[in-house]
Amino acid sequence: MTATPRDPVDAITAQWAEVRPDLDTVPMAVYGRIYRISRAMGDRIEKEYKRFGISRGEFDVLATLRRSGEPYTLSPRQLSATTMLTTGGMTGRLDKLEKAGLLSRSPDPNDRRGLRVTLSEKGREIVDESVTAGLEMQHEVLDGVLDAAEAEQLNGLLRKLLSAH
């Protein structure tokens, strides 16, 4: 088995070990790597979605509607809660996506003051194509480094770590 090459996080923790040998930097290394992986993959996924004319944030809105199942309709409040966006931030995304024909807004038949946001057929096609392309890219990266058992083990460990937050 070949050794895993050192990375920039190793350099940072080695520097800390030099000046503060009393510190246990394992948590710094773990979270530092998670952060760097997240940023690197986020940048790659953003480029992937750009091919479909959408940003990662816009993908999140379309994907939330798609995952909700037919008729692919939610309130702006439900969308904001799922995407962790303020209502103001959501309004801007909805405006852009509606202008592009990827969704529509209509009055809520059960609430005179409310709106319903519905994924259009074009929006469904875009989100289906972009989620497939994004997953293919993620598989390519993951499969190039980890075997299936390692990927499952990492997934379980990250789930365990995330549940603690």
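This is a predicted model, so every value here is computed, not measured.

Chemist: Mind showing me how you'd approach unusual backbone geometry here?
Modeler: Glycine aside, a negative phi is what most residues show, and trans is what most peptide bonds show. Across the junction of E70 and P71, the peptide omega takes the value 10°, indicating a cis bond. Mapping P71 onto the fold places it in the loop between α3 (56–67) and β1 (73–74). Positive phi, close to 55°, is recorded for Y72, a residue that is not glycine. Relative to the assigned elements, Y72 resides in the loop between α3 and β1. At M84, a position not held by glycine, the phi torsion is positive, near 55°.

Chemist: When you look at the packing of aromatic side chains in this model, what are you seeing that I'm missing?
Modeler: To describe a pair of aromatic rings, one takes the distance between the centres and the angle between the planes. In total, this model carries one aromatic pair according to the counting rule given. Between the aromatic rings of Y49 and F59, the centroid separation amounts to 4.2 Å while the plane-to-plane angle is 15°, which identifies the pairing as stacked. Note that Y49 is positioned in helix α2 (residues 26–50) and F59 in helix α3, a separation of 10 residues in sequence. According to the relative accessible area criterion, Y49 is buried, its value standing at 6%.

Chemist: How should the nonpolar core be read in this particular structure?
Modeler: A general tendency of soluble globular proteins is for nonpolar side chains to be buried together. Counting residues in each nonpolar core, the largest one holds 23 residues, and the members touching the most others are I54, V61, L62, L65, L79, L94 and L103. Secondary-structure elements contributing two or more residues to this core are α2, α3, α5 (87–99), β3 (111–119) and α6 (121–143). Looking at which element gives the most residues to this core, the answer is α3, with five residues. Beyond its immediate chain neighbours, meaning those up to four positions away, L65 contacts Y72, T73, L74, L79, L103, V117 and L119.

Chemist: Is there a simple way to explain the UniProt feature "domain: HTH marR-type" (unreviewed entry) in the chain in this structure?
Modeler: The UniProt entry lists residues 27–163 under the feature "domain: HTH marR-type" (unreviewed entry), expressed in the numbering used here. In residues 27–163, helix accounts for 70% and strand for 12%; the two terminal C-alpha atoms are 16 Å from one another.

Calculation notes
Residues numbered from 1 in each chain as written. Predicted model: local features only at pLDDT ≥ 70, side-chain atom pairs only at ≥ 80, totals over all residues. Heavy atoms only, no water. Helix = DSSP H or I, 4+ residues; strand = E, 2+ residues; numbered from the N terminus. Phe/Tyr/Trp six-rings, centres within 6.5 Å; stacked < 30°, edge-to-face > 60°. Buried < 20%, exposed > 50% of the residue type's maximum accessible area, 1.4 Å probe, protein only. Core = buried A, V, L, I, M, F, W, Y, C linked by side-chain atoms within 4.5 Å. Contact = heavy atoms within 4.5 Å. UniProt positions renumbered as here; feature names shortened; annotations may be inferred.

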